[in-house]
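Residue-level structure breakdown
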Amino acid sequence: MLVLLSFTPFLVVAGASVAQESSGPTDTAALKEVVGNRFKIGVGVSEQILSDPKCSDLIREQFQILTPENCMKPQGIHPEEDRWNFAAPDRFVAFAKQNNLEVVGHCLVWAKDDRTDEWMKNGKDGNAVSRDELLARIEDHVATVVGRYQETATMWDVVNEALADGDEGYLRESVYSTTAGIDFIEMAFRTARKHDPDALLIYNDYNCHFPGKRKKLIRLLTELKERGVPVDAYGMQGHFELGDDSITQLRETFEALRGLGIQIVVSELDIDVVTRGKWWSEDGKYRDELKTYDPYKDGLPRDVERRVTDQYVALFRLFDEYQETIARVSFWNLHDGQSWLNYFPWDRTNYPLLFDRELKPKPVYDAVINVLRDSTPVRAKPIQTGTGHAPHERTDWVSRAAHEQLLRKAKQGKVDIYFQGDSITRRWGATDYPHLLEHWKKSFHGWNAANFAWGGDNTHNILWRMRNGELDGLIPKIVVLQAGTNNLPWEGAAKQATIDDVVDGVVAIIDEFSQRCPDAAIVLTGLFPRDQNTDLTPTIKEINARLHSLAMDRQIRFLNLNAQLTDAEGRFLPGYSSDGLHLERPAYEVWASALRPIFQGILGPPAATDDAPNPTGVPSETDP
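Residue positions are given per chain, counted from 1 along the sequence in the order it is written. Given that this is a predicted model, residues contribute local features only at a pLDDT of at least 70 and side-chain atom pairs are listed and counted only at 80 or more, while totals for whole chains, interfaces and linings are drawn from all residues. Side-chain calculation: all heavy atoms of the structure are included, whereas hydrogens and water are not.

**Some remarks on the overall build of the protein**
Strands here mean DSSP runs of E at least two residues long; helices mean DSSP runs of H or I at least four residues long; both are numbered from the N terminus. Broken down by element type, the protein carries 21 helices and 16 strands. To get the radius of gyration, use the C-alpha atoms; to get the globule rule, take the number of residues to the power 0.38 and multiply by 2.2 Å. Its C-alpha atoms give the protein a radius of gyration of 27 Å, within 12% of the compact-globule value 25 Å for 624 residues. Relative accessibility thresholds used throughout: buried, under 20% of the residue-type maximum; exposed, over 50%; partly exposed, between the two (1.4 Å probe, protein chains only). Evaluated residue by residue, the protein yields a buried proportion of 59% over its 624 residues. Taking the intrachain contacts of the protein between residues at least 6 apart in sequence as the baseline, contacts between residues at least 24 apart amount to 80%. Using the Shrake-Rupley algorithm and a 1.4 Å probe, accessible areas are obtained, with residue cover drawn only from the displayed protein chains. Of the roughly 25,300 Å² that the protein leaves accessible, carbon and sulfur atoms contribute 48%. Residues scored as positive are Lys and Arg, those scored as negative are Asp and Glu, and His as well as the terminal groups of each chain are ignored. Charge placement uses NZ in Lys and CZ in Arg. For Asp and Glu, CG and CD serve respectively. Once the 70 positive and 93 negative side-chain charges of the protein are each reduced to a mean point, those two points are 2 Å apart. Contact definition: two residues touch when any of their heavy atoms are within 4.5 Å.

See below:
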């Protein structure tokens, strides 16, 4: 839940007020019907209200996806190491199944000490829990919960509120961060992916649209992606206050996340009308005064209601604008009377939602419906890039610096052979892997070969780099492409849509080369084995078969080297990969041996000198 530290002055306006009951909208349109395919529309509710016929009817009528407010949280479902409370979450999931609703699993790890039971904090010996013991407990908890509910849950709030607030440090100080650092987050996400390969995995937090905390969020998500951790989305809780003027900061945050290729979930939406920011100001100086502050117990003044409505309208216009990035918008609680903001951080009468205490839609409901009706869902219309494959920029500072480095590289020397791809290709000609760079020079010196690959890139990222300067002014005679590994999941099998995405991405990149360098010979290398995720073995075979067909249709040279790199079980031969993903020198020699005859057939024997641009490595903050 959100603790917002901004302060909106209290305002009570004399005059007309809106009673807790309203006349409702002029029609009966449902949110789930009007939202179309922009994003899922959902609500977070307590398990107890599902037995109320009026509440359950409203949920069925309006929403597509449910979040359990408390019953699936660690302290609720797993109060002791060897004791589980499945009754309430089982009832919650059963209700969803019976009513054809999706479920958000919320939440697997809540990274706060006051939301963590003592058994998780202490070791079996009575001392503080060790790193290995903590990670093992997280793995067991996540595996048990995800394994039990993965058939119904389509999204998981994997880790909740791990970042420090304000100007404090990076990760929130807790048993998790002090014991295991970022590794506890990695463990939770990898375990969730292992037991639910198809779900959307979310990091959930509050106030990350504030610039200081946003910087920490981007740092965290960038680090996780660089580690190959399967984090799919950021869950923006969205507990706003009336008049907080957050639209500009939200847009900046959405842009930064889109640049990372991270989806957005608005996970716990409401607007606090009796604002709470003053509760925490000046070390709690005003708390005694606020404990009796209840300005709208007899109804909400109409001008205040208009302000709430205007703020919701602005938010939903923003959500509509970023609908291709937003996967879900969920309200937190069903109606005003059930909202946590009636009790936190003090008792008062609040009006934060679209339905009143009688479960009737308020004027703000009409306003949100109208926003959605007046715009057009475009999620089904991908950006057209030949195959419809959208280019995506990576906006972490290292990737941006690498892009600038490669732009400079494109303007230096002579490039007859242009290598493009991800870290598997990049390491071969990189200064930070000197033993591999030595092999690169030995293999290709005299042919003016230059490496323009960048680690962590999927096909969308490669396409963006090519369209933003890294091919400008170059007329290579040969292009070597190997791409698609980072489109695939780190753990578990790939969905058919992901397989299609890899092939579409390779097609889009080849189309780009064909348009920009029509005379260049293209050498396409298939995906290499993934020993660290053997569930992908059939996926890689299917992709490579489709790439081979593509190459034959387009008269492109295609290399599938996996039979030469693997043993009878399809695993890398000894010494060919140290991590089950990246290649080592013997594997690069297999690749080079396949490429050299092609190069010699097109370019002739290598020259004694080489005019290619100097090799590059991972940028540092001191680079120009």
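**A closer look at the sheet that holds strand 13 (residues 449-451)**
Any two strands between which DSSP finds at least two bridges are classified as paired. Read from one edge of the open sheet, five strands run 13-12-14-15-16, paired in parallel fashion. Each edge of the open sheet carries a strand with a single partner, namely strand 13 and strand 16 (557-559). Across the sheet, the axes of successive neighbouring strands diverge by a mean angle of 20°, strand direction being ignored. Interaxial angles span 0 to 180 degrees and are taken between N-to-C directions of axes, which are lines fitted to C-alpha atoms, for helices over the stretch in contact.

**Some details on a negative patch on the surface**
A surface patch of like charges, here negative, comprises Asp 113, Asp 114, Asp 167, Glu 168 and Glu 173. Along the chain, the position of Asp 113 falls in the loop between strand 4 (102-110) and helix 5 (118-121). Judged by relative accessible area, which is 30%, Asp 113 ranks as partly exposed. Here a patch means residues that are over 30% exposed by relative accessible area and free of salt bridges, tied together within 9 Å if like-charged and within 5 Å if nonpolar (Val, Leu, Ile, Met, Phe, Trp, Tyr). Any carboxyl oxygen of Asp or Glu within 4 Å of a side-chain nitrogen of Lys or Arg constitutes a salt bridge here.

**Brief notes about the nonpolar core**
Ranked by size, the top nonpolar core spans 115 residues in total, and within it Trp 156, Phe 184, Tyr 312, Phe 316, Phe 319 and Phe 331 carry the most contacts. The leading source of residues in this core is helix 12 (residues 302-321), at eight residues. If we skip the residues at most four places from it in the chain, Trp 156 touches Met 72, Gly 105, Leu 108, Val 145, Val 146, Tyr 149, Gln 150, Asp 196, Ala 199, Leu 200, Leu 201 and Ile 202. Each nonpolar core is a collection of buried residues, namely Ala, Val, Leu, Ile, Met, Phe, Trp, Tyr and Cys, held together in the definition by side-chain atoms within 4.5 Å. Ala 410, Tyr 418, Leu 471 and Ile 543 belong to the second largest nonpolar core, which has 38 residues in total.

**Side note on the pairing of strand 4**
The two faces of a sheet get side chains in turn, since along a regular strand they alternate between them. Counting buried positions along strand 4 yields eight of nine residues, so the element is predominantly enclosed. Sheet topology places strand 3 (residues 65-68) next to strand 4; two bridges connect them, and they run parallel. Its bridge partner being in strand 4, Ile 65 is matched across the sheet by Glu 102. As judged from the six bridges shared by strand 4 and strand 5 (residues 153-160), these two strands associate in the parallel manner. Bridge assignment links Val 103 to a residue of strand 5, and that residue is Ala 153.

**Overview of the environment of Lys 194**
Within the fold, Lys 194 resides in helix 8 (residues 183-195). For Lys 194, a relative accessible area of 53% translates into the label exposed. The spacing of Lys 194 and Pro 74 is 120 residues in sequence and 19 Å in space, taken between C-alpha atoms.

**Here's the deal with the side chain of Gln 420**
Checked against the element boundaries, Gln 420 lands in strand 12 (residues 417-421). In this structure the side chain of Gln 420 is engaged in a polar contact, spanning 2.7 Å, whose partner is the side chain of Arg 465. Ignoring sequence-local partners within four residues, the contact set of Gln 420 consists of Thr 425, Phe 452, Ala 453, Ile 462, Arg 465, Met 466, Glu 470, Val 480, Leu 481, Gln 482 and Phe 513. The definition of a polar contact used here is a pair of N or O atoms within 3.5 Å, where within protein one atom must be able to donate a hydrogen and the other to accept one, and adjacent residues in sequence count solely through side-chain atom pairs.

**Observations regarding the pairing of strand 9 (residues 263-272)**
Of all ten residues making up strand 9, nine are buried, and the element is well covered by its neighbours. Here strand 7 (residues 233-236) pairs with strand 9 via four bridges, running parallel. Along strand 9, the bridge assignment pairs Gly 235 with Val 265. In this sheet, strand 11 (residues 326-332) lies alongside strand 9 in parallel orientation, the contact comprising four bridges. Residue pairing in the sheet places Leu 269 in a bridge with Phe 331 of strand 11.

**Re the packing of helix 18 (residues 496-516) against helix 19 (residues 537-554)**
Where helix 18 meets helix 19, the closest approach of the two axes is 10 Å, and the angle between their N-to-C directions is 30°. Taken together, helix 18 and helix 19 sit at an angle that is classed as roughly parallel. Crossing of helix 18 over helix 19 shows right-handed handedness. Here helix 18 contributes Gln 496, Ile 499, Asp 500, Val 502, Val 503, Val 506, Val 507, Ile 510 and Asp 511 to the contact with helix 19, which in turn contributes Thr 539, Glu 542, Ile 543, Arg 546, Leu 547, Leu 550 and Arg 554. Polar here means any residue outside two lists: the nonpolar Ala, Val, Leu, Ile, Met, Phe, Trp, Tyr, Cys and Pro, and the charged Asp, Glu, Lys and Arg; Gly therefore counts as polar. In terms of residue class, the contact of helix 18 with helix 19 is built from nine nonpolar, two polar and five charged. Working rule for angles: under 35 degrees goes down as roughly parallel, over 145 as roughly antiparallel, 65 to 115 as roughly perpendicular, anything else as oblique. The crossing is said to be left-handed when, going from far helix to near helix, the turn is anticlockwise and less than a right angle, and right-handed when the turn is clockwise.

**Considering the environment of Asp 245**
Relative to the helices and strands, Asp 245 resides in the loop between strand 8 (239-241) and helix 10 (247-260). Looking at Asp 245, the relative accessible area reads 68%, which means it is exposed. Through-space distance from the C-alpha of Asp 245 to that of Ala 483 is 43 Å; in sequence the pair is 238 residues apart.

**Some remarks on helix 14 (residues 397-410)**
Expected helix span is taken as 1.5 Å per residue step, with the number of steps being one fewer than the number of residues. The end-to-end C-alpha separation of helix 14 is 20 Å, in line with the 20 Å expected for 14 residues at 1.5 Å each. Listing the buried residues of helix 14 in full gives Val 398, Ser 399, Ala 402, His 403, Gln 405, Leu 406, Leu 407, Lys 409 and Ala 410. Taken together, the buried residues of helix 14 touch helix 9 (211-226), strand 13 and helix 17 (459-470).

**Here we look at the confidence of the model for the protein**
The predictor reports its confidence for every residue as pLDDT, a score running from 0 up to 100. Averaged over all residues, the pLDDT of the protein is 90; the fraction at 70 or higher stands at 93%. Counting interchain partners and residues more than four positions distant, the pLDDT-below-50 stretch residues 1-27 has 81 contacts. Contacts for the low-pLDDT stretch residues 379-387, under 50 throughout, to residues beyond four places or in other chains number 24 contacts.

**So, the packing of helix 6 (residues 131-149) against helix 8**
Taken N-terminus to C-terminus, the directions of helix 6 and helix 8 make an angle of 30°; their axes are 9 Å apart at the nearest point. The orientation of helix 6 with respect to helix 8, classified from their angle, is roughly parallel. The element helix 6 and its partner helix 8 pack so that their crossing is right-handed. Contact with helix 6, carried on its side by Arg 131, Leu 135, Ile 138, Glu 139, Val 142, Ala 143, Val 146 and Gly 147, involves Asp 183, Phe 184, Met 187, Ala 188, Thr 191, Ala 192 and His 195 of helix 8 and no other residues of that element. Looking at the contact of helix 6 with helix 8, its residues break down into nine nonpolar, three polar and three charged.

**Digging into the pattern of salt bridges**
Here the structure, examined in full by the defined rule, presents 44 salt bridges. The salt bridge involving Arg 227 is made with Glu 186; its shortest N-O contact spans 2.4 Å. Placement of the pair is Arg 227 in the loop between helix 9 and strand 7 and Glu 186 in helix 8, with a sequence separation of 41 residues. A relative accessible area of 34% places Arg 227 in the partly exposed class. On the accessibility criterion, Glu 186 (16% relative accessible area) is buried. The partner of Asp 432 in a salt bridge is Arg 426, with the nearest N and O atoms 2.7 Å apart.

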